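One letter stands for each residue in the lines below.
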Amino acid sequence: MIYLDNAATTRLRPEVLQIMLPYMEEEYGNASGGYALARSAHGALDRAREQLKNAIHAKKTREIFFTSGGTESDNWAIKGIAYANRQKGRHIITSAIEHHAVLETCGFLQKEGFEITYLRPGKDGIISLDAVREAVRPDTILISIMWANNEMGAINPIGQIGKFARQQGICFHTDAVQAAGHLSINVEQENIDLLSISAHKFHGPKGVGALYVREGLKLENLINGGAQERGKRSGTENVPAIVGLGEAIHLAVQELPKEAERIMKLRDHMIKRILNEIPNARINGSTINRLPGNVNVSLPGIRSEIILFKMDMAGIACSGGSACTAGAIGKSHVLTAMELEEERVSSAIRFSFGLYTTLEEIDQTVEQLKNIAFLKN
Ligand SMILES: *Cc1c(COP(=O)(O)O)cnc(C)c1O
């Protein structure tokens, strides 16, 4: 099997699993207890928080809150800011190419009386600072723009948007689920107020993530209960998963410069071969500001479902853009927002690379893509 769907999820690293295992066996304490076993669990949470703080260059560990993943972090950031600031204003700026965790949250708030502006990207899939600037109103309380897009890999000018938001005194959230562990992140330098992370996108476990919340920011709770996470996110902590998150981000950041270069070479090799060998193929999304491990390609005239089916028959796992429920392929809201031709939208597929992707796998995949393009298979 060739696995090229790392933007959907990644394989858990064996080193990460090893570090998690004791917390599923003998170190089973509830981190809130007042005895040695509990202190051990609590210490493990402290270490993971420190690892995450260092990975994103936050100032303090108290700015890191553990969650159940990217979806919860996005929901919390957006609803939490909206509810804490509804007296100040009701306008939120986001983009039309966000993950559903952001889009559906904004849609929910819209029904509650908030007004949402959905910015359109350029043809290259990038949201410009100008677009953000033009959308700002006196009652804007939040700007939420993703760091990098999960479908076509375009990287947004987060530093510019952060600087602008700070100057305007508007809160800035970024869904960094595709960026964390793959691009270097510095929340101080980029003027980020809230940042969402998910462990299973960088070879950590599923069902765990984090929300960075700048110190002093007013954020309403999403989950109430026994006052874990300093009263901001209740529920007994998933200690093994959080330990895995900490170790996975630590390893990813440590290896990032070398690994990003290796993956980027694979990406550029694949794009070059596709363009040279399949004349009518089109690459979607910026080829300059692009995630190291993303190739999104259209074969106009052949539907995504057909390409995916034939890839699957050849033992290659890839996806038709965003991973929808039950593998259903809807028309990509991302490629549609980029105003690409209908033919290109309906024939797009995404390959996303990870730690275990090799050059041989890429070459085999290009061969299979050629078979499909020239109807040999
Ligand atoms: C995967 C993903 C999410 C959702 O994260 P989960 O941990 O799976 O809930 C949110 N945003 C982006 C950009 C993603 O790629």
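For every chain, the first residue of the written sequence is number 1, and numbering continues from 1 onward in sequence order. Selection of residues for local features in this predicted model requires a pLDDT of at least 70, selection of side-chain atom pairs for listing and counting requires 80 or more, and totals for whole chains, interfaces and linings are taken over all residues. Only hydrogens and water are removed before side-chain values are computed, so all heavy atoms of the structure are retained for them.

> Requested: an account of the environment of Gly 153, with residues and values cited.
Strands here mean DSSP runs of E at least two residues long; helices mean DSSP runs of H or I at least four residues long; both are numbered from the N terminus. Topologically, Gly 153 is positioned in the loop between strand S5 (140-144) and helix H6 (158-168). Spatially, the C-alpha atoms of Gly 153 and Pro 292 are 8.2 Å apart, while their sequence positions differ by 139 residues. Once residues within four sequence positions are removed from consideration, Gly 153 is found in contact with Asn 289, Arg 290, Leu 291 and Asn 294. Two residues qualify as a contact provided that any one of their heavy atoms is within 4.5 Å of a heavy atom in the partner residue.

> So what about the sheet that holds strand S8 (residues 209-213)? Which residues, and what values?
A pair of strands is treated as paired once DSSP finds two or more bridges between them. The sheet built from seven strands is open, its strands ordered S2-S8-S7-S6-S5-S3-S4 with mixed pairing. Of all the strands in the sheet, just strand S2 (64-67) and strand S4 (115-119) have a single pairing partner and so form its edges. Neighbour-to-neighbour, the strand axes of this sheet turn through a mean angle of 20 degrees, independent of strand direction. Think of each axis as a best-fit line through the C-alpha atoms, taken over the contacting stretch in the case of a helix, with angles from 0 to 180 degrees between the N-to-C directions. Against the sheet, helix H2 (residues 36-56) engages S2, strand S7 (194-198) and S8, with an angle of about 115 degrees to S2.

> Explain H2 to me, and be specific about the residues and the numbers.
End to end, H2 covers 31 Å across 21 residues, agreeing with the expected 30 Å (1.5 Å per residue, within 8%). Buried residues along H2 sit in contact with S2, S7, S8 and helix H7 (239-277). For a helix, the expected span equals 1.5 Å multiplied by the residue count minus one.

> An account of unusual backbone geometry is needed here, citing residue identities and associated values.
Here His 203, not a glycine, exhibits a phi torsion of approximately 65 degrees, which is positive. Checked against the element boundaries, His 203 lands in the loop between S7 and S8. Of note, the phi angle at Ala 227 is positive, near 65 degrees, even though the residue is not glycine. Along the polypeptide, Ala 227 turns up in the loop between S8 and H7.

> If you had to explain the site of the ligand to someone new, which residues and values would you point to?
Note on definitions. A residue lies near a molecule or strand when any single heavy atom of the residue is within 4 Å of it. Of all residues adjacent to the ligand, which total 13 residues, the nearest are Thr 71, Asp 175, Gln 178, Ser 198 and Lys 201. Here Gly 70 contributes a backbone N or O atom positioned 2.8 Å from an oxygen atom of the ligand. Within the side chain of Thr 71, a nitrogen or oxygen atom sits 2.6 Å from an oxygen atom of the ligand. Alone, the ligand offers 390 Å² of accessible surface; in the complex the protein occludes 87% of this. Examining the composition of the shell around the ligand, we find that three residues originate from one element, helix H3 (residues 70-84), more than from any other. Amino acids are sorted into nonpolar (Ala, Val, Leu, Ile, Met, Phe, Trp, Tyr, Cys and Pro), charged (Asp, Glu, Lys and Arg) and polar (every other residue, Gly among them). For the shell around the ligand, a count of residues per class yields two nonpolar, eight polar and three charged. Polar contacts, as used here, are pairs of N or O atoms within 3.5 Å; protein pairs need one atom able to donate a hydrogen and one able to accept it. Residues neighboring in sequence count only if both atoms are side-chain atoms. A 1.4 Å probe and the Shrake-Rupley method give the accessible areas. Residues count as covered only by the protein chains that appear here.

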